[in-house]
Amino acid sequence: QVQLVESGGGLVQAGGSLRLSCAASGGTLSRYAMGWFRQTPGKQREFVAGASRSGGNTAYADSVKGRFTISRDNGKNMVYLQMNGLKPEDTAVYYCAADAQLLPTTLGREYDYWGQGTQVTVSS
């Protein structure tokens, strides 16, 4: 089975930037569409960004469009989420997920594997 390990979360000031990384093992990353999700306690899990197997097709939630960028390096089995212009409402636990299909979906239930989550906190 695929294991996903995330890093890069932390505390940042509003307007700052953060880069999340997700390393895959136990599988070949190029076989999966990848997604980033976030969740705040008491709220539904929210799709943030997704990338096709090659990274050529991407999708973003309207709330992060223009601020966040998803990218991947299949040769290194890595996926990234560059977050710029962070806002307090971006505060959440961020999860990396893998889906055994070509294109990313916004539906979390479609994903097969999940990382442990990493906390992102944006202060005012």
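In the block above lies the structure referred to throughout.
Here goes a summary of the coordinates provided. These numbers come from a predicted model, not from an experiment. (Residues numbered from 1 in each chain as written. Predicted model: local features only at pLDDT ≥ 70, side-chain atom pairs only at ≥ 80, totals over all residues. Heavy atoms only, no water.)

**Looking at the side chain of Arg-38**
Definition in use: Where helices and strands are cited, they refer to DSSP runs of H or I of at least four residues and of E of at least two residues respectively, numbered from the N terminus. Identification of polar contacts relies on pairs of N or O atoms within 3.5 Å, with a donor-acceptor requirement for protein atoms, meaning one able to donate a hydrogen and the other able to accept it, and with residues adjacent in sequence counted only if both atoms are side-chain atoms. Two residues qualify as a contact provided that any one of their heavy atoms is within 4.5 Å of a heavy atom in the partner residue.
Positionally, Arg-38 belongs in strand β4 (residues 33-39). Engagement of the side chain of Arg-38 in a polar contact is seen with the side chain of Asp-90, the distance being 2.9 Å. Beyond its immediate chain neighbours, meaning those up to four positions away, Arg-38 contacts Gln-44, Arg-45, Glu-46, Val-48, Ser-63, Val-64, Phe-68, Glu-89, Asp-90, Ala-92, Val-93 and Tyr-94.

**Concerning the nonpolar core**
Here is the rule we go by: Buried Ala, Val, Leu, Ile, Met, Phe, Trp, Tyr and Cys residues form a nonpolar core when they are joined through side-chain atoms within 4.5 Å. A 1.4 Å probe rolled over the protein chains alone gives each residue an accessible area, and that area as a share of the maximum for its type sets the label: buried under 20%, exposed over 50%, partly exposed in between.
By size, the foremost hydrophobic cluster in this structure holds 29 residues, and its most contacted members are Leu-4, Met-34, Trp-36, Leu-81, Met-83 and Tyr-94. Sorting the residues of this core by element identifies β3 (18-25), β4, β5 (46-51), β7 (68-73), β8 (78-83), β9 (92-99) and β11 (118-123) as the ones contributing at least two each. If near-sequence neighbours (up to four positions away) are discounted, Leu-81 is found in contact with Leu-18, Arg-19, Leu-20, Trp-36, Val-48, Ala-49, Phe-68, Thr-69, Ile-70 and Tyr-94.

**Some remarks on the sheet that holds strand β1 (residues 3-7)**
In plain terms, the rule: Pairs of strands are assigned from DSSP output, requiring at least two bridges between the strands. Lines fitted to C-alpha atoms define the axes here, with helix axes fitted over just the stretch in contact, and angles between the N-to-C directions of these axes take values from 0 to 180 degrees.
Reading across the sheet, the four strands line up as β1-β3-β8-β7 and stay open at both edges, with antiparallel pairing between neighbours. Each of the sheet's edge strands pairs with one partner strand only, and the pair in question is β1 and β7. Shown here is a sheet whose adjacent strand axes are inclined to one another by a mean of 15 degrees, direction ignored. Bridge analysis of β7 against β8 gives six bridges, and the strand direction is antiparallel. Counted as the bridge partner of Arg-72 is Val-79 from β8.

**Quick word on the side chain of Arg-72**
What counts is decided by this rule: Only four residue types enter the charge count: Lys and Arg as positive, Asp and Glu as negative, with His and the chain ends excluded. By salt bridge we mean one thing: a side-chain nitrogen of Lys or Arg within 4 Å of a carboxyl oxygen of Asp or Glu.
Take Arg-72: it is sitting in strand β7. Among buried charged residues, Arg-72 stands out as having no salt bridge; its nearest opposite-charge side chain is Asp-73, 8.5 Å away. A polar atom in the side chain of Arg-72 sits 3.4 Å from the backbone oxygen of Ala-51. A distance of 3.2 Å separates the side chain of Arg-72 from the backbone oxygen of Arg-53, its partner in a polar contact. What Arg-72 contacts, discounting residues up to four positions off in sequence, is Leu-29, Ser-30, Tyr-32, Ala-33, Met-34, Ala-51, Ser-52, Arg-53, Ser-54, Gly-55, Met-78 and Val-79.

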